[in-house]
Amino acid sequence: MTDHLLSIVLCTPLVGLLVLLVIPSENRSLLRIWANVAAFAGFLVSLPLVFRFNSSASGFQFVERADWIPSLGVHYAIGIDGISLLLVMLSTVIGLIAVLCSWVSVETRVKGYYAMFLLLQVGIIGVFVSLDAFLFYVFWELVLIPMYFIIGLWGGPRRLYAAIKFFLFTLVGSVLMLLGLLALYYLHLQQFGYYSFEISELMKLNLPLATQQWIFWALFFGFAVKVPMFPLHTWLPDAHVEAPTGGSVVLASVMLKMGTYGFMRFSLPLLPQASADRMIVQIIAVLSIIAILYGALVSLVQQDWKKLVAYSSVSHMGFCTLGIFALNANGLVGSVIQQVSHGITTGLLFLLVGMVYERRHTREIGNFGGLAQVMPKFAVAFAIAMFASAGLPLLSGFVGEFTILQGAFQANRTWAVWAVFGVVLAAAYLLWLYQRTMLGKITHDENRLLRDLSWREGAVLLPLIAWTFWIGIYPKPYFDILAKPVAEIVARTHK
Amino acid sequence: MQNLWLIPAFPFAGFLINGIIGRRLPKIATNIIAVGSVLLAFAWALKAIFALGDLNTPYVEHYFTWIRSGEFHVDYEFVLDRLTAIMLLIVTGIGSLIHIYATGYMAHEEGYPRFFAYLNLFMFFMLTLVLAGNYLLLFVGWEGVGLCSYLLIGFYFLKKSATTAGNKAFIVNRIGDFGFSLAIFLIVVNFGSLNFGMVFSAAPGKSEATLTAIALLLLVGACGKSAQFPLYVWLPDAMEGPTPVSALIHAATMVTAGVYVIARSSVIYTHAPAAMEVVAVIGLFTAVFAATIGLVQNDIKKVFAYSTVSQLGYMFLGVGVGAFSSGIYHLMTHAFFKALLFLGAGSVIHACSGEQDMREMGGLRSKIPITFYTLMCGALAISGFPLLSGFYSKDAILLAAHHHAPWMYWVGVITAGMTAFYVFRAMFMTFFGKYRGHHHPHESPPSMWIPLVVLAFLSVVGGYFFKVPAILGTMFPTLEEGEDVALMAISVAAGLIGIGIAYFLYVVRPGLADNLASRLGGLYTLVYNKYFVDEIYAAAVVNPLISGSRTVLWKGVDAGLIDGIVNGVGSQSKGLGGWLKLLQSGNIRSYATWVVFGSVVVILAMGIAGHGMFSGAAR
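Residues numbered from 1 in each chain as written. Chains lettered and ligands numbered in written order. Predicted model: local features only at pLDDT ≥ 70, side-chain atom pairs only at ≥ 80, totals over all residues. Heavy atoms only, no water.

*Asks:* Which residues make up the domain arrangement of chain B, and what values go with them?
*Replies:* Each assigned domain of chain B is listed with its residue range as follows: domain 1 (274-503), domain 2 (537-584) and domain 3 (586-619). Relative to domain 2 of chain B, the C-alpha centre of domain 1 of chain B lies at a distance of 56 Å. (Domains from an automatic or database assignment.)

*Asks:* Which residues make up the layout of surface pockets, and what values do they have?
*Replies:* One way to see where empty space is left: roll a probe the size of a water molecule over the atoms. By volume, the second largest pocket amounts to about 1000 Å³. Residue lining of the second largest pocket: 27 residues in total, with B:Ile171, B:Val172, B:Ile175, B:Val541 and B:Val542 positioned closest to the centre. When residues of the lining of the second largest pocket are traced back to their parent elements, those giving at least two are helix H12 (278-300) and helix H18 (413-438) of chain A together with helix H6 (160-191) and helix H24 (533-573) of chain B. Taken together, the residues of the lining of the second largest pocket sort by class into 20 nonpolar, three polar and four charged. (1 Å grid on protein atoms, 1.4 Å probe; cavity = no way out; pocket = protein on both sides within 12 Å on 5 of 7 lines; lining within 4 Å. Points joined across faces, edges and corners; volume = space filled by probe spheres on them. Helix = DSSP H or I, 4+ residues; strand = E, 2+ residues; numbered from the N terminus. Nonpolar A, V, L, I, M, F, W, Y, C, P; charged D, E, K, R; others polar.)

*Asks:* Talk me through the interface of chain A and chain B; I want residue IDs and the actual numbers.
*Replies:* Of the residues lining the interface, 85 residues belong to chain A; the matching set on chain B comes to 70 residues. Of the roughly 7100 Å² buried between chain A and chain B, counting both surfaces, carbon and sulfur atoms make up 74%. Counting the surface chain A buries against chain B, the share from its top three residues, A:Tyr195, A:Val301 and A:Phe402, is 8%. The interface formed by chain A and chain B holds zero salt bridges in total. If you look at where chain A meets chain B, you find 13 residue pairs in polar contact (both at pLDDT 80 or more). Split by residue class, the side of chain A that touches chain B holds 58 nonpolar, 16 polar and eleven charged. (Contact = heavy atoms within 4.5 Å. Buried area = accessible area lost by both parts, 1.4 Å probe. Salt bridge = Lys/Arg side-chain N within 4 Å of Asp/Glu carboxyl O. Polar contact = N/O pair within 3.5 Å; in protein donor to acceptor, adjacent residues only side chain to side chain.)

*Asks:* So what's going on with unusual backbone geometry? Residues and values would help.
*Replies:* In this model, A:Phe230 is joined to A:Pro231 through a cis peptide bond whose omega is 0°. With respect to the helices, strands and loops of the structure, A:Pro231 is situated in the loop between helix H8 (209-226) and helix H9 (235-242). With an omega of 0°, the peptide bond running from B:Phe229 to B:Pro230 counts as cis. For B:Pro230, the position within the fold is in the loop between helix H8 (208-225) and helix H9 (234-237). Residue A:Leu394 is not a glycine yet carries a positive backbone phi of 75°. Here A:Leu394 is to be found in the loop between helix H16 (376-389) and helix H17 (396-411). Non-glycine residue B:Leu55 carries a positive phi angle of around 60°.

*Asks:* Now, about the state of the cysteines: what can you tell me, with residues and values included?
*Replies:* Evaluated as defined, the whole model comprises zero disulfides over all chains. The thiol of B:Cys352 is unpaired, and the distance to the nearest cysteine sulfur, on B:Cys377, comes to 20 Å. (Disulfide = S-S within 2.5 Å.)

*Asks:* Which residues make up the side chain of A:Ser341, and what are the values?
*Replies:* Residues and elements named next belong to chain A. Within the secondary structure, Ser341 sits in helix H14 (residues 329-360). According to the relative accessible area criterion, Ser341 is buried, its value standing at 1%. There is a polar contact of 3.3 Å between the side chain of Ser341 and the backbone nitrogen of Gly397. When near neighbours in sequence (up to four residues on either side) are disregarded, Ser341 contacts Ser396 and Gly397. (Buried < 20%, exposed > 50% of the residue type's maximum accessible area, 1.4 Å probe, protein only.)

*Asks:* Summarise the pairing of strand E1 (residues 61-69) of chain A; cite the residues concerned and give the values.
*Replies:* Looking down a regular strand, the side chains alternate between one sheet face and the other. All names here are of chain A. The sheet contact formed by E1 and strand E2 (residues 74-80) spans six bridges and is antiparallel. Bridge pairing in E2 places Gln61 opposite Ile80. Connecting E1 to the antiparallel partner E2 that follows it, the hairpin turn spans four residues, and Gly73 within it adopts a positive phi of roughly 70°. (Pairing = 2+ DSSP bridges.)

*Asks:* Give a detailed account of empty space enclosed by the protein, specifying residues and quantitative values.
*Replies:* Applying the stated criterion to the full structure yields nine cavities of 30 Å³ or more. The volume enclosed by the largest cavity comes to roughly 180 Å³. What lines the largest cavity is a set of 15 residues, and nearest its centre among them are A:Phe398, A:Leu405, A:Val423, B:Phe139 and B:Ser181. Among the secondary structure elements, those contributing two or more residues to the lining of the largest cavity are H17 and H18 of chain A together with helix H5 (135-153) and H6 of chain B. Among the elements that line the lining of the largest cavity, the one with the most residues is H6(B), at five residues. Along the lines of polarity and charge, the residues of the lining of the largest cavity split into nine nonpolar, two polar and four charged. If you add up the space inside the second largest cavity, you get close to 80 Å³. Residue lining of the second largest cavity: 13 residues in total, with A:Pro13, A:Ala39, A:Gly95, A:Leu96 and A:Gln121 positioned closest to the centre. Elements with a contribution of two residues or more to the lining of the second largest cavity: helix H2 (28-52), helix H3 (82-100) and helix H4 (110-129) of chain A. Considering only residue class, the lining of the second largest cavity consists of nine nonpolar, four polar and no charged.

*Asks:* So, the packing of aromatic side chains: which residues are in play, and what are the values?
*Replies:* In this description, an aromatic ring pair is defined by two values, namely the gap between the centres and the angle between the planes. Applying the stated rule across the entire model yields 81 aromatic pairs over all chains. With centroids separated by 5.4 Å and ring planes inclined at 70°, the aromatic side chains of A:Phe223 and A:Phe263 adopt a geometry described as edge-to-face. In this pair, A:Phe223 sits in helix H8 while A:Phe263 sits in helix H10 (residues 245-270), placing the two residues 40 residues apart along the sequence. One aromatic cluster is present, formed by A:Phe398, A:Phe402, A:Phe409, A:Tyr474, B:Phe64, B:Trp66, B:Tyr76, B:Phe139, B:Trp142, B:Phe180 and B:Phe185 through successive ring pairs. The ring of B:Tyr112 carries the charged tip of B:Lys27 above its face, separated from the ring centre by 4.7 Å. (Phe/Tyr/Trp six-rings, centres within 6.5 Å; stacked < 30°, edge-to-face > 60°. Lys NZ or Arg CZ within 6 Å of the ring centre and 35° of its normal.)

*Asks:* Summarise the side chain of A:Lys226; cite the residues concerned and give the values.
*Replies:* Residues and elements named next belong to chain A. Within the secondary structure, Lys226 sits in helix H8. One buried charge, Lys226, has no salt-bridge partner; the nearest side chain with opposite charge is Glu141, at 6.8 Å. Those residues in contact with Lys226, other than ones at most four positions away along the chain, are Trp140, Thr170, Trp235, Met255, Leu256, Met258 and Gly259. (Lys, Arg positive; Asp, Glu negative; His and termini not counted.)

Written out as structure tokens, the structure is:
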């Protein structure tokens, strides 16, 4: 592949950003239109990746490689396998939807807002396509900045607190992650006599278990904060509640997957013995299960609609990490599918909360009730999102959860038993939320005149709804795409 | 190719049409689509069954692969064998009648097209459930019918009690699914497949421990769906749904899915005798337990709801003692007479303008005669009156129970007596004596009473015409049991005694029952309040879970402990507030920039310190 397709995908939002910067700030409608065009272009250029991806080939595809800082062994090396393909596609779709959903909701500093989103998009795609640890780290940190501003400048009343909490948690994690990556870098120098950050080079390393364990924990903090895993999750509810809808959607749907992706791309392949170490696996599995149950239980008692969805993310992401550390094909494949599914369903849930918030300027569950009467289309969309999130068969959540749990069961039956409880609880908190917001009589007069979904809102929701059905009904292409890369990871950890 | 997929596809199409454009269609079009799609499914099922002949070997249709992970794969595949054939005809046949009935019963309700869309969607999932050729596809139907049950129980979504009942049904079923899911995982691990054919042919070679575990976990799922102790609590509440829903979903079809799954998995169960014993004991206990509650209820639908729980217990007893075909036999006859009882109850409620309390009824015999006579057929059938449908199936189960363990037979007989009592108590309170209500009871329209007549006919002769044990003889191991006239006579007598006592208490000496109730005092209160099981669950499980989550987990661990530590660490240096001030003073941008590019500096610095900046052997 010499046509730089992947670079085009990576740079399209950047070009969009540069053009955006020359549009005068006063011309809001042009800014809006251009940002949407750029996001749509970003999605369009990513489509050929799907059509030209060869799922029967092993290794990375669309690889591009150039020296960047040769003296330090830093390369511009990008490429994708099945795992990154799905996450890149998720990013371009969600990126587009996040920009689209901000059409009316953002009125202040429009230019800055869209600029941040396009920058964010570059960073996220960069994280998923990097084949060089340094490049990965640059993109990883690049994501942090725009998200910090999106929360801090366009967020709710406690936005500054939330933004700084988000920033500090992630920063501490990132620094530890950086130390881990640097350790690998120097160990590589020691063993091979030359500098390289390239993942393929780092994979050649042969490290004693103790060293691997140290590095594992360093990386762990970087990734676990992002996922977020219990007990490093407390930044998430605050960040979500304060973030504007578009920010929440990107944060939950895509950014959290950077953490799980890190585990799959770095921890497992580069530190296979540590990743398969009994104690480490046991600790992470237990933390994942705690996240599943804890997130669900705390969701159950939330009074803020958005916070409830945020905690449910903790629960759902617990399934993803559990699947990864089941260290078998089912666990990992299920985890990736669940990551995509979570991106879709949680994206939907946040979009829906945002739509209600735009109408009512409150998210307190107690202020609602009976919305199904005035907003029937909204109620249907919400029901679909809810059942997809709760893992009902023929919707995406089921396929991911089922496969993860099957993998977990193969690894350790006790894990699966505990994790399945999370599925029971998911039904409880979601149905209860639905009952309190959508069903019953209208208890607040302000809700009587709420308008139903507009065509633009429908256009934002429909693609995601269609996607959740697709994965639920015919997930085979996803299993095919993931088979090879997952088999390679599993083979490494089982050596 | 019989295109079995068309059987569920017809009602699914009905769901789509009525669900999407139903509100813009005239009522008659909604009716034609809703009823027509189910009739088409019925016709297609009949056509397929007749075209396939004796069905001694399962007929399989494979469509495409759903999930593939390594060697393991799950396909969309349908299977038609004798068991499925019976289930198909019950579901589509009874389903058609209930759809027709509902066109009359729901005529004046809000959300008419929505109701039929849900009902058709239910048919789609129920037919998927019985046609499924593997456990996971069965689970799709299983969850799908649960979804529709939720939607239909909460159909009157303005009523809080209705939506709460819907939630309860879904969540309790999820608890059952907990077991079902684990059973599926265990099957995959041990068999490498979920396909019925593969699993059942390999099952005899597996260890008894494994098979017992699978069987018990499936039983947990079955207890949820078929409302067995201790997961039965959702079914009585489910009566919040419109009466046709109670008849179709919560009496005739969906709640029998648990029995179906156990019968379908008979190969596993027969190799796990301990699990069979548990099935039988749970079934028997539920049968007698629910029957006692049914004795004292005053809401006509609640009586039949507990009756359903109890009769499902009978079916579990049947399959549990190894009489799989008898369990299915009772499943079928129960579908006839319980659908009839519910639809008849609906007709009574309809006549009394929505009244469900039997204390507000009475003397309706002359006012709604068709309802009365048809309902009488159902009441006699469930009481095991000789030669009616319930007689055959109940007798088959009790006989098998006696063969297995005589004490089970005796408990079953006592339950049969109680069954006859509470059903006739309901009959007498409703139709005999003087009318005690304040409405003007009127007979229902033909769309409602015609299905009643058909079901009454089936309740009377269905057991004789459709000898399920003979049909299923080739599928299940037959139990060597002789006809035992004495045992049969005893159970018939129990039924007659039950009817007699009800007649005495509610027709001959009305008032005596209340007297008796007050004399029993505490015991009566206990049973009348359903043994306080709901209250116990609330106090022992639900409330601690919620308050614990709120005070301990959320306020305690999350906000208190974790954030406390984080903020505490912060305050050692500057505190989050300190950072805040720093950042608010206009340094946000420079700070943020520093972080990213500072990292680069760190790398460079470490490089210099370690090896000299450019001395390394750069590639």
